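Chain and residue survey
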Amino acid sequence: MKRWFLGAAALAAALLAGAVLTACGGDDDDGDGKLTPVTFMLNWTPNTYHSGVYIALDRGWYRDAGLDVKIIEPAAGGTAQVLAAGKADFGVMAQEEIIPARAEGVPVVALAALIQHNDSSLYFLKSEGITRPRDLEGKTYGGFGGVLERQLISELVKCDGGDPSKVKFVEVGNVDYLAGMESNRFDFVWVFEFWDVLRAREVEKKDVGSLKFIDYTHCIPDWYTPLIVTSERMIKEKPDVVRKFMEASVRGYEVAMKDPKAAADAIMKGAPESDRRLLEVSAEYLSTRYVDPGRPWGLQDREVWVTFTEYLRRAGLIDKEIDVDAAFTNEFLPKR
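1. Examining the side chain of Thr230
- Following the sequence through the fold, Thr230 ends up in strand 10 (residues 227–231).
- Note on Thr230: relative accessible area 0%, which makes it buried.
- Of note is the side chain of Thr230, whose polar atom sits 2.7 Å from the backbone oxygen of Asp89.
- What Thr230 contacts, discounting residues up to four positions off in sequence, is Leu83, Asp89, Phe90, Pro107, Val108, Val109, Leu111 and Ile235.

Next comes the structure, spelled out in structure tokens:
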């Protein structure tokens, strides 16, 4: 699964491209029975962390709330500038995108954490003999050439007593990671456990291993990736639409947690080109990871935002102060 690693220059270019777009969007339901048009922009191909939206759409819960929700393809430069220009109402972004966007003045706001903890992994063939971060010494990482990639991997290796200078970094972009590792172009990559690792291990029956980021929070921070986002404009001008959209979406994710098969079914219906087997194993895996026991779905903790913002500043990904409290809100999550 492709990950976005927008640096400040790339983000600024995206903003310039987005500036030529004109705001659009339907009017709220004025009581005459008409549905309010709403667009939801994906961040990549349809996958299981989108399942709550697909379930709500399939079961008519958005329409019941007066919303005509359309799912649209991701933009080449990411979601932030599209939301800011009013060309989409809601979307999906990672915290490592939202914070730099806010630092550049892009008014995107996180509404809910799709998964409570980061499900990222460093992924490799077991034949590489990697069992812990310091084993990455002498190995080649294939990625997007982002500052955050190098920072995280270097800190993981150093924290485990290894020498980060012995890790080689090559820029490979969006390629078939498994094929690249099998052809010895690179040795490990950064992916999501619930998608790429499960695809290789459970669907393609490959002998692969992974180092999960969540197992090393004594070395690197945990953070939210991905989240449902909107714009400050939507919150200010159409708070009722935001609330209705989130109420229906929460219902969808509550179903996904209880009934993984329903999650796979809904995505297959909305995106029939999907791999059914991958959706099934991934939906089962995520069903117990959307939330921590006793917590409602989607809730965001301020401490996670503060800690990760500070981390990005130390990593050099942002050089401006941001108002953390303006970057996210739990206001539109229904009380459960």
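Structure's up, so let's keep going.
2. Quick word on the packing of aromatic side chains
- Overall, the coordinates contain 18 aromatic pairs when judged by the stated rule.
- Residues Tyr177 and Phe186 carry aromatic rings whose centres are separated by 6.5 Å and whose planes lie at 80° to one another, so their mutual orientation is edge-to-face.
- Arranged with centres 4.3 Å apart and planes meeting at 5°, the rings of Tyr253 and Trp297 form a pair that is stacked. You can see Tyr253 sitting in helix 10 (residues 239–258) and its partner Trp297 sitting in the loop between helix 12 (276–287) and helix 13 (302–315), a full 44 residues away along the chain. In this pair, the class of Tyr253 matches that of Trp297, namely buried.
- Ring pairs connect the aromatic residues Trp190, Phe213, Trp223, Phe308 and Tyr311, which therefore count as one cluster.
- Taking NZ or CZ as reference, Arg150 lies 4.1 Å from the ring centre of Phe169, over its face.
- The ring of Trp61 carries Arg251 above its face, with NZ or CZ at 4.0 Å from the centroid.

3. Overview of the pattern of salt bridges
- Summed over the entire model, instances satisfying the criterion amount to 19 salt bridges.
- One salt bridge connects Asp325 with Arg302, and the closest N-O pair in it is separated by 2.7 Å. Separated by 23 residues along the polypeptide, Asp325 in helix 14 (residues 324–327) and Arg302 in helix 13 bring together distant segments of the chain.
- Look at Asp325 and you get partly exposed, because its relative accessible area is 43%.
- The network of salt bridges with common partners includes Lys261, Asp265, Arg276 and Glu280.

4. A few points about the UniProt feature "domain: SsuA/THI5-like" (unreviewed entry) in the chain
- Per the UniProt annotation, the sites labelled "domain: SsuA/THI5-like" (unreviewed entry) are residues 47–263.
- Measuring from the first to the last C-alpha atom of residues 47–263 gives 10 Å, for a span that is 40% helix and 21% strand.

5. Describing the environment of Thr329
- Here Thr329 shows up in the segment after helix 14.
- With 27 residues separating them in the primary sequence, Thr329 and Arg302 have C-alpha atoms 9.2 Å apart.
- Every residue in contact with Thr329, bar those within four places of it in the chain, is listed here: Val109, Ala110, Leu111, Ile235 and Gln300.

6. Remarks on the environment of Tyr54
- Relative to the assigned elements, Tyr54 resides in helix 2 (residues 51–58).
- The exposure class of Tyr54 is buried, given its relative accessible area of 6%.
- With 208 residues separating them in the primary sequence, Tyr54 and Ala262 have C-alpha atoms 9.9 Å apart.
- For Tyr54, the contacting residues outside a window of four places in its chain are Leu42, Pro46, Ile71, Ala266, Ile267 and Gly270.

7. Things to note about the state of the cysteines
- Applying the stated criterion across every chain, the model contains one disulfide.
- Between Cys159 and Cys219 runs a disulfide, and the two sulfur atoms are separated by 2.0 Å. Since a negative S-S torsion denotes a left-handed disulfide, the Cys159-Cys219 link at about -70° is left-handed. Taken together, the positions of Cys159 in helix 6 (residues 147–159) and Cys219 in the loop between strand 9 (208–212) and strand 10 put the pair 60 residues apart, joining distant regions of the chain.
- Since its relative accessible area comes to 37%, Cys159 is described here as partly exposed.

8. Observations regarding the pairing of strand 7 (residues 168–171)
- One ladder, built from four bridges, connects strand 6 (residues 140–143) with strand 7; its direction is parallel. Within the sheet, the bridge partner assigned to Tyr141 lies in strand 7 and is Phe169.
- Taken together, strand 6, helix 6 and strand 7 form a β-α-β motif whose crossover is right-handed.

9. Quick notes on the sheet that holds strand 1 (residues 36–41)
- Strand order in the open sheet made by the five strands is 2-1-3-10-4, with mixed pairing throughout. Every interior strand has two partners, whereas the edge strands, strand 2 (67–72) and strand 4 (108–113), have only one. Put simply, the sheet's adjacent strands are angled 30° from each other on average, direction ignored.
- Pairing of strand 1 with strand 2, which is carried by six bridges, proceeds in the parallel orientation. Paired with Val38 across the strands is Val69, a residue of strand 2.
- Lying on the sheet, helix 5 (residues 95–103) is in contact with strand 3 (90–93), strand 4 and strand 10; it crosses strand 4 at an angle near 155°.

10. Comments concerning the domain arrangement of the chain
- Per the domain assignment, the segments of the chain are domain 1 (36–116 + 224–326) and domain 2 (120–215).
- The centre of domain 1, based on its C-alpha atoms, is set 26 Å off from the matching centre of domain 2.
- Listed as interface residues are 21 residues of domain 1 and, on the opposing side, 17 residues of domain 2.
- Interface area, domain 1 with domain 2, both sides summed: about 1,600 Å², of which 72% is carbon and sulfur.
- Looking at the side of domain 1 facing domain 2, the largest losses of area belong to Leu278, Tyr285 and Tyr311, adding up to 35% of the total buried there.
- Here domain 1 is connected to domain 2 by zero salt bridges.
- Counting across the domain 1 and domain 2 interface gives two residue pairs in polar contact (both at pLDDT 80 or more).
- Broken down by secondary-structure element, the contributors of at least two residues to the side of domain 1 that touches domain 2 are helix 12 and helix 13.
- No other element matches helix 12, which puts seven residues into the side of domain 1 that touches domain 2.

Analysis parameters
Residues numbered from 1 in each chain as written. Predicted model: local features only at pLDDT ≥ 70, side-chain atom pairs only at ≥ 80, totals over all residues. Heavy atoms only, no water. Helix = DSSP H or I, 4+ residues; strand = E, 2+ residues; numbered from the N terminus. Buried < 20%, exposed > 50% of the residue type's maximum accessible area, 1.4 Å probe, protein only. Polar contact = N/O pair within 3.5 Å; in protein donor to acceptor, adjacent residues only side chain to side chain. Contact = heavy atoms within 4.5 Å. Phe/Tyr/Trp six-rings, centres within 6.5 Å; stacked < 30°, edge-to-face > 60°. Lys NZ or Arg CZ within 6 Å of the ring centre and 35° of its normal. Salt bridge = Lys/Arg side-chain N within 4 Å of Asp/Glu carboxyl O. UniProt positions renumbered as here; feature names shortened; annotations may be inferred. Disulfide = S-S within 2.5 Å. Pairing = 2+ DSSP bridges. Right-handed = clockwise from strand over helix to strand, strands pointing away. Axes fitted to C-alpha atoms, helices over the stretch in contact; angles between N-to-C directions. Domains from an automatic or database assignment. Buried area = accessible area lost by both parts, 1.4 Å probe.

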